[in-house]
Amino acid sequence: MRIVIQRVSSAQVTVENKTIAVIKKGYLLLVGIEKSDTAAVVRRAAEKVVKLRLFEDDYDKTNLNLKA
């Protein structure tokens, strides 16, 4: 399993020329899952993403995660 996280000003998901989802400023996650990936592997990857420090605190330091 691989996850790539990218900060974007906007993004959208299009399937067969139909827009499924749209976001403005935020984070885009590209997730690659193999048949051999177990629920435990997916759970660990999700826990890592939630703990990543991606957001700025009151001192403009990238020091906050999704749980903060």
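Residues numbered from 1 in each chain as written. Predicted model: local features only at pLDDT ≥ 70, side-chain atom pairs only at ≥ 80, totals over all residues. Heavy atoms only, no water.

Undergrad: Is there a simple way to think about the environment of Phe55 in this case?
TA: Among the structural elements, Phe55 can be located in strand β5 (residues 55-56). Sequence-distant contacts of Phe55, that is, excluding residues within four places in its chain, are made with Tyr27, Lys61, Thr62, Asn63, Leu64, Asn65 and Leu66. (Helix = DSSP H or I, 4+ residues; strand = E, 2+ residues; numbered from the N terminus. Contact = heavy atoms within 4.5 Å.)

Undergrad: Explain the packing of aromatic side chains to me, please; I cannot follow it from the model alone.
TA: Pairs of aromatic rings are described using the distance from one ring centre to the other and the angle between the two planes. If you walk through the whole model with that rule in mind, you get one aromatic pair. Here the aromatic rings of Tyr27 and Phe55 are separated by 5.4 Å at their centres, their planes lie at 85 degrees, and the arrangement is edge-to-face. With Tyr27 in strand β4 (residues 26-32) and Phe55 in strand β5, this pair connects stretches of sequence that are 28 residues apart. On the basis of relative accessible area, Phe55 is assigned to the partly exposed category, the value being 31%. (Phe/Tyr/Trp six-rings, centres within 6.5 Å; stacked < 30°, edge-to-face > 60°. Buried < 20%, exposed > 50% of the residue type's maximum accessible area, 1.4 Å probe, protein only.)

Undergrad: Can you help me understand a nonpolar patch on the surface in this one?
TA: On the surface, Ile3, Leu29, Val31, Ile33 and Val42 cluster together into a nonpolar patch covering about 370 Å² of accessible area. Checked against the element boundaries, Ile33 lands in the loop between β4 and α1 (39-51). (Patch = residues over 30% accessible without salt bridge, like charges linked within 9 Å, V, L, I, M, F, W, Y side chains within 5 Å. Areas by Shrake-Rupley, 256 points an atom, 1.4 Å probe, with all protein chains shown as cover. Salt bridge = Lys/Arg side-chain N within 4 Å of Asp/Glu carboxyl O.)

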